[in-house]
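Observations on the model geometry
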6 protein chains.
Amino acid sequence: MTDLVTFGETMLRLSPPRGERLETAREFEVQAGGAESNVAVAAARLGRDAAWFSKLPDSPLGRRVVGELRSHGVATDGVVWDDEHRQGLYYLEHGVEPRPTNVVYDRADAAVTTLETGEIDLDAVRDADVCYTSGITPALSTTLHATTKDVLEVAQEAGTTTAFDLNYRTKLWTPDEAAAGYRDLFDAIDVLFAAQRDAETVLGRDGDAESVARGLAADYDFETVVVTRGAEGSLALADGDVYEQGVYEAETHDAIGTGDAFVGGYLAKHLDGGDVADSLQWASATASFKRTIEGDVAVVTPEDIERVVADEGDGISR
Amino acid sequence: MTDLVTFGETMLRLSPPRGERLETAREFEVQAGGAESNVAVAAARLGRDAAWFSKLPDSPLGRRVVGELRSHGVATDGVVWDDEHRQGLYYLEHGVEPRPTNVVYDRADAAVTTLETGEIDLDAVRDADVCYTSGITPALSTTLHATTKDVLEVAQEAGTTTAFDLNYRTKLWTPDEAAAGYRDLFDAIDVLFAAQRDAETVLGRDGDAESVARGLAADYDFETVVVTRGAEGSLALADGDVYEQGVYEAETHDAIGTGDAFVGGYLAKHLDGGDVADSLQWASATASFKRTIEGDVAVVTPEDIERVVADEGDGISR
Amino acid sequence: MTDLVTFGETMLRLSPPRGERLETAREFEVQAGGAESNVAVAAARLGRDAAWFSKLPDSPLGRRVVGELRSHGVATDGVVWDDEHRQGLYYLEHGVEPRPTNVVYDRADAAVTTLETGEIDLDAVRDADVCYTSGITPALSTTLHATTKDVLEVAQEAGTTTAFDLNYRTKLWTPDEAAAGYRDLFDAIDVLFAAQRDAETVLGRDGDAESVARGLAADYDFETVVVTRGAEGSLALADGDVYEQGVYEAETHDAIGTGDAFVGGYLAKHLDGGDVADSLQWASATASFKRTIEGDVAVVTPEDIERVVADEGDGISR
Amino acid sequence: MTDLVTFGETMLRLSPPRGERLETAREFEVQAGGAESNVAVAAARLGRDAAWFSKLPDSPLGRRVVGELRSHGVATDGVVWDDEHRQGLYYLEHGVEPRPTNVVYDRADAAVTTLETGEIDLDAVRDADVCYTSGITPALSTTLHATTKDVLEVAQEAGTTTAFDLNYRTKLWTPDEAAAGYRDLFDAIDVLFAAQRDAETVLGRDGDAESVARGLAADYDFETVVVTRGAEGSLALADGDVYEQGVYEAETHDAIGTGDAFVGGYLAKHLDGGDVADSLQWASATASFKRTIEGDVAVVTPEDIERVVADEGDGISR
Amino acid sequence: MTDLVTFGETMLRLSPPRGERLETAREFEVQAGGAESNVAVAAARLGRDAAWFSKLPDSPLGRRVVGELRSHGVATDGVVWDDEHRQGLYYLEHGVEPRPTNVVYDRADAAVTTLETGEIDLDAVRDADVCYTSGITPALSTTLHATTKDVLEVAQEAGTTTAFDLNYRTKLWTPDEAAAGYRDLFDAIDVLFAAQRDAETVLGRDGDAESVARGLAADYDFETVVVTRGAEGSLALADGDVYEQGVYEAETHDAIGTGDAFVGGYLAKHLDGGDVADSLQWASATASFKRTIEGDVAVVTPEDIERVVADEGDGISR
Amino acid sequence: MTDLVTFGETMLRLSPPRGERLETAREFEVQAGGAESNVAVAAARLGRDAAWFSKLPDSPLGRRVVGELRSHGVATDGVVWDDEHRQGLYYLEHGVEPRPTNVVYDRADAAVTTLETGEIDLDAVRDADVCYTSGITPALSTTLHATTKDVLEVAQEAGTTTAFDLNYRTKLWTPDEAAAGYRDLFDAIDVLFAAQRDAETVLGRDGDAESVARGLAADYDFETVVVTRGAEGSLALADGDVYEQGVYEAETHDAIGTGDAFVGGYLAKHLDGGDVADSLQWASATASFKRTIEGDVAVVTPEDIERVVADEGDGISR
């Protein structure tokens, strides 16, 4: 039995050296990155059994993705291999003020956009403790939206906890499209992760984080709602109780994947029997730690996170 | 007035270091490459006025392509900028025996596939001495096939010499499709470059190079036919006369773009008033020189080629 | 007709990786840099037609410079090629406190020091809207001083606006030499850019920026005087009116070329019809943006600068 | 059930760039390499289920090894983590004639030298089809010698085919020591791989490859003996029949790991139901292919090897 | 006559690029580093004659260490070459908050641990002005402890000033072991450098820096005691007088070796005839300067330090 | 007493990666190289005491040169530091057929061109066993020509053997100038090294190597004449006896410095008491070994050369 299954798209990310721009680059660093596999990697590295389902081109590029995920201990046996579609890419130009970090997506027609429910090992989904995907997945294609809904329903029905992060991306759909997409899935979701910014932009939820959490929980009957507020920390609502968590100070080397590290840290601790407060603390520590590391994924060990958490007296900014 | 205009697709090429495979790569070298811009670069570097027409995404990636071409002196004012389609890519893994050099195309849905005749500066085409494209261009989309035909006809009508290299690519179309595509264009072509291998595979032309050249010239009324035979050298047929040329010995560092360097060297010398024999010699020398250089394009000077040609006594393998 | 012509020296800059010193370096990054071509690059990238005149050795090194400038869209047809003199260089060691960034010039006997008036395309100068050089140029040789004076006079006479940045360099001449050199040129200058520090050190102008500007304008009859004050922002005096501009906050990756980006941004906006306030704002935004980019030149697009300017509410430090 | 289990030491290999020497190096490439894991990687990449058993320091360095092996699909759950001993290393300086490629071992006191039988999952050994180690393993410590013997006996008793490559290393033990060490294990070995050179140096077996194979098989009752003869090809003796195989021509980029790729290719084909001739052919093809790739391991796919084998007409040197 | 002799271990340090972790590294930067050679390098670069004694493996790795030290002008003729033991290593992962910079030692069984008194050129020790080692040396082996004591006594007896930095390392011995080790040497030490943190942890010295210094001087009869307090600056007690010194502000690129640069700067100035205050100022300036440079050693010139010291008004944080 | 003193210019060499051209380079490898210091390095690494005299700019660049030479064990105390002139450079583009390896000198106005006899430690010259320079040195300036003559005469008079390699460089002087320059020095030279090609081009010596050697010895009374014939091997004439030596086969990675390695190997063996035949053999082996190593200098050990020499049976091509 697997602790965690996730599904979604993983891209190759191509990024020029710091201080260089895409339009003059002569060299790209290559890494694999995608919200759901980032979560699986964090959980696997923190000691959980984690598997990732997806569809990739049967090419060196698809194998490149799988090789990197396996190196972190994520099971990739459920990947479906495709002969016709592309490997999704994104170009990443790291910026510093006033030049923003710039992401250029090149994920149209990626193999994963054709992933159908029947191609996923649903028994593995049923046997898992937690099944996770993010709001990026249903945004990628109509097919994937349907697959997402099916899988979450299958999981929930089997008693697998379903977890979902809104992960709103303006370059993929409009707020209205996203709102409709999310609402179609909310019945099948037990644990919701939401950036407060996304809850406001897409779902029109104003007010402070607690009222956002309470409102969402009330409207959609989520078991748990975790609201993240950037530098302001995070908040979880579970069984009517509210838990707050500050962020651990970090010098940011690479901010990409911070949110996924947060979810991965949360789920890893939760799956290890941690309560909501502990899970939230691990989420925050894993997210901060990720910021110091090049690449999408949190190259962490349990000891790394324990050390951050133990320094809580000093390291937390409230 | 421009000496040479070319049009077609230019991709970004992404290649891992020597000895590494795509599926374990952590770094890609980035360069711009495409048959028609490769020809324009060689000609421009050898002293001709050369312009390249195409359509590129209005993104850092499209600008990346234009910047590199401009650095070699190619005029890119005629590039059309597009907001919806992709920048074509290809991945290049350099191999040595028994591991073949492997090219993985990722050019589907590239901006250039939507390039229509009306988007090209036809006056520039009419004013040029030579207008060049290759068999890759019509293979990329129905739209591009039509555009190719239009442009070649416009050029020919205006007295601009039209030049075309078969450049057959198995990954783009079947021999039958290619044969039909080529034949549809042959009327509008004055100077044909053909690898003997392509003439055989696609056009079913058997026999030695001379008979292939004579057959093609007879059937399609080309002014000039240049047949390349790899290590066996090349042969030109013009006004009924045959010219033969050996290859200059080279230690190959990067074979990609050798054929385009050949065409670029030929056209550069031809446009400079060289006769067929001289042009063929420059073609051969530029092609060999290219093999020593990383990347698709022939980073050459006229002096470089003159030096190769002057060493003919020693350096030619017949 | 060209919007902007600039002339001066462009060197190759050689710099070891961050954290390494010149005296233990095993690798240099290579880039082209020079005040006047930096200005031309910024203007060209921001949409203006820009040309750069100079003299370079007819060698791979001279062509290296031209290739990089062309990649940014600067016209280099006016470059004169020389068989006898050197390519100027500078070594750059990036430092952080308390180790200063160190520049070691190796520009003695550079080809440009022999550039005579007759070698410059004066018709192009006459046809341009603006003709720019900096105080570095006359400092390089007696010949260049005379050429500078000639060209500025030719320009002014033809109605081309002449622009000049003091750009005082202690390693090239003493304050007294520089003062004499500048004064000899001031009659031929319409728009003066001056770091307040230079105005004080070289020209003995004390007082606040406005009084410096008013004093210089009064004494030398400049149309416009722009005084830069580092982190304190900048100030322009035109037609008796004063315009002030703060700096946009930036995390500095590479400070070299910031002043040139300022001038380039100013002239680009001015040539696009911007008024003094707009031009000053673009100057400031382009300068800040430059700081985030490796190399001498501002690899920018108009959209980049528009975005900085639009964030003015947040991003300006006053 | 696993197709193949291997056990032994895997080191980090540290190598300076080509053309540089260890004693002036400023940069090392880092890779994981060890005879038995190299075999497991080749087999896993060629489609078999392969697991590797060993003992590693519980440190980033030990995890570095495991991560790389997992990326190729090798199961590493059986690795034992150690708190007291070192991660074995080897330094590799690539040479060309007359400078030999130089290996400097730094494997003293490595964690694996303390690996005891009781720390290995013997059920997994019993369940496997083939259990492999090489002559390096018993050479590393008395403990490992005993463990090697135990594991091979357990395997053989359970009906798991045991395979062994002499892999004689002069820097680890003398020929006499090695001969004694090997002979102590031969009873427990079903399939022997032996470089003819090692058979001669260590076991005193003169004569041609066939007589060496027949002699060894007769004396120690091996099911199969495979003798490799470098550029002369290889030979297998099984059930009294002899099979010969030439080498596939290769341009060598990195010769390290060629022998392990040979064994991995052999076992992969054998485990897939290939007969001796087929297995020998895959062994040879995988070995040649490996030579083109940087690092200890054969980054191959089944398609790569099929392509080499299919070119047999051209590519084999006899 | 040599100004300074130091003895101890120098390791190769292996570090992945910034932002990468040891466990995913594919490349290590290689440098030589060790407390006592770091001190010798700083002193040599600042103009003193400095020699370093040690024992290294007679291998490319040992020669790698010697080559780097010689490049900075340190005499290494006294190095003893060993055929049996290892080259000590340490792996360095640079971290930023909340990920600590991590040092993994791999120095067990290093050649230096067998260095005996008789292998050191004691005449050179007697002829030197200052003889230095640090608390790391006696911690490495019983043999080295005895050698350390012998050499310091020989030096002191001959009138060579003996200097010692506590340099407590938790990974080498416990506080109690260290305390006993230090006390056994204190009689032979004239000048003691002590981090206040070490004085407290190991020697149980509480109170402010001055009282620590006075206590140690009183108890062990040191000529001079220098106490460093990190960002709080440093303090020297000599002949009953106290000298205080702030730190020069620095942006830290690489903190490793800062303490050794401090000692090296102090001794260099002292050996040049500087008084205690001057020496302390140079110590502080050299330490700050070191922070900006990649690697263990302070790649400085006297001019660099003079410039830092001259900026004292601005640059000191008190 | 020093075994060997050499004097001459050492430049920084700047070279782009293999396959790249100077005119598109973005990165240069940096190394120190010069005929006379190359000889000193080879001799020092092969166990001799070697010192190098020259004049360098008192800048990080001059120190860069000295640091690299010292790392190989060459004494550089005799270097004179200069405040006014340049550090000589050369750009090196590695080529393969038909693109020649290209050297672009940038050594005009180098500090060494002002080196006068009085600035050299003549006592050290007198105390040495051998004093070496090459024909490059007198070609660099009139001053250096005079200094060269003085130093060789001082050496010869003191009984120091003087050695000289013609080292003709077409980019420095014409054959006639060189012939006059050489002849002015020949009286002061004991051991002459001459490429047969140079002897013919500059000195008009036709015939086979032996007759060239005999002719030169007869005309100028050299003790020893060593003639090198590229792939044909070398020949020495001493005391009327002729010694011949083939070349050791080598795969060339970097041919620059091969001739200097030859001289360095010869002198090292000679200074170690080797006879002419031995010295010639070491010359040949060191030269071949050098070809495998990046950079100007032969990074060798005595063991490396002994190994090459011992393989003579196989490795020599006659």
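Read on for an overview of the structure. (Residues numbered from 1 in each chain as written. Chains lettered and ligands numbered in written order. Predicted model: local features only at pLDDT ≥ 70, side-chain atom pairs only at ≥ 80, totals over all residues. Heavy atoms only, no water.)

Among the nonpolar cores identified, the biggest contains 115 residues, and Leu-267 of chain D together with Leu-267 of chain E are the most heavily contacted of them. Leave out the neighbours within four places in its chain, and Leu-267 of chain E touches Leu-4, Val-39, Val-130, Tyr-132, Ala-163 and Phe-193 of chain E. (Core = buried A, V, L, I, M, F, W, Y, C linked by side-chain atoms within 4.5 Å. Buried < 20%, exposed > 50% of the residue type's maximum accessible area, 1.4 Å probe, protein only. Contact = heavy atoms within 4.5 Å.)

On the chain D side, the residues contacting the 20 residues of chain E number 20 residues. For the pair chain E and chain D, the summed buried area comes to about 2,000 Å², and 59% of that belongs to carbon and sulfur atoms. When the buried surface of chain E facing chain D is broken down by residue, Glu-23, Phe-28 and Leu-61 of chain E rank first, second and third, together holding 26% of it. At the surface where chain E touches chain D, the tally comes to four salt bridges. (Buried area = accessible area lost by both parts, 1.4 Å probe. Salt bridge = Lys/Arg side-chain N within 4 Å of Asp/Glu carboxyl O.)

It is worth spelling out the relation of the copies chain E and chain D at this point. Note on the identical chains: chain E maps onto chain D by a rotation of 180° and an axial translation of 0.1 Å, with an RMSD of 0.0 Å. Both chain copies can therefore be described as sitting about a two-fold axis. Residue Phe-28 of chain E of chain E places its C-alpha closer to the rotation axis than any other residue of that unit, at 2.6 Å. Comparing interface residues between copies, 100% of those in chain E also sit at the interface in chain D, which points to an isologous, same-surface contact. (Least-squares fit on C-alpha atoms with pLDDT ≥ 70 in both.)

The tally for this structure, following the rule as stated, stands at 150 salt bridges over all chains. In this structure, Arg-48 of chain C and Asp-3 of chain C form a salt bridge, with 3.7 Å as the shortest nitrogen-oxygen distance. With Arg-48 of chain C in the loop between helix 1 (35-45) and strand 4 (50-53) and Asp-3 of chain C in the segment before strand 1 (4-7), the pair connects residues that are 45 residues apart, well separated along the chain. A salt bridge links Glu-294 of chain D to Arg-13 of chain D, with the nearest nitrogen and oxygen atoms 3.8 Å apart. You can see Glu-294 of chain D sitting in the loop between helix 10 (276-290) and helix 11 (302-310) and its partner Arg-13 of chain D sitting in strand 2 (residues 11-15), a full 281 residues away along the chain. Connected via shared salt-bridge partners are Arg-13, Arg-18, Asp-254, Glu-294 and Asp-296 of chain A. (Helix = DSSP H or I, 4+ residues; strand = E, 2+ residues; numbered from the N terminus.)

This part covers the relation of the copies chain F and chain C. When chain F is fitted to chain C, the residual RMSD is 0.0 Å, and the transformation amounts to a turn of 180° plus an axial shift of 0.0 Å. Here 100% of the interface residues in chain F have copies in chain C that are interface residues too; the copies meet face to matching face.

All names here are of chain C. Across the interface, helix 10 (residues 276-290) lies against helix 11 (residues 302-310) with an axial gap of 9 Å and an inter-helix angle of 105°. One element, helix 10, and the other, helix 11, form an angle in the roughly perpendicular class. Across from Gln-281, Trp-282, Ala-285, Thr-286 and Phe-289 in helix 10, the residues of helix 11 making contact are Pro-302, Asp-304, Ile-305, Glu-306, Val-308 and Val-309. For the contact of helix 10 with helix 11, a count of residues per class yields seven nonpolar, two polar and two charged. (Axes fitted to C-alpha atoms, helices over the stretch in contact; angles between N-to-C directions. Parallel < 35°, antiparallel > 145°, perpendicular 65-115°, else oblique. Nonpolar A, V, L, I, M, F, W, Y, C, P; charged D, E, K, R; others polar.)

All right, on to the interface of chain F and chain C then. Taken together, the contacts link 20 residues of chain F with 20 residues of chain C. Carbon and sulfur atoms make up 59% of the surface buried where chain F meets chain C, a total of about 2,000 Å² over both sides. For the chain F face of the interface with chain C, the top three residues by lost area are Glu-23, Phe-28 and Leu-61 of chain F, together amounting to 26%. For the pair chain F and chain C, the number of links is four salt bridges. Arg-63 of chain C serves as the salt-bridge partner of Glu-23 of chain F, at 3.1 Å between the closest nitrogen and oxygen. Within the residue set of the side of chain F that touches chain C, elements represented by two or more residues are strand 3 (27-33), helix 2 (60-71), strand 7 (89-93) and strand 8 (102-106) of chain F. Of the residues belonging to the side of chain F that touches chain C, the class tally is ten nonpolar, two polar and eight charged. Sheet topology note: the strand 3 (residues 27-33) of chain C/strand 3 of chain F ladder contains three bridges and is antiparallel. By the bridge assignment for strand 3 of chain F, Glu-27 of chain C is matched with Glu-29 of chain F. (Pairing = 2+ DSSP bridges.)

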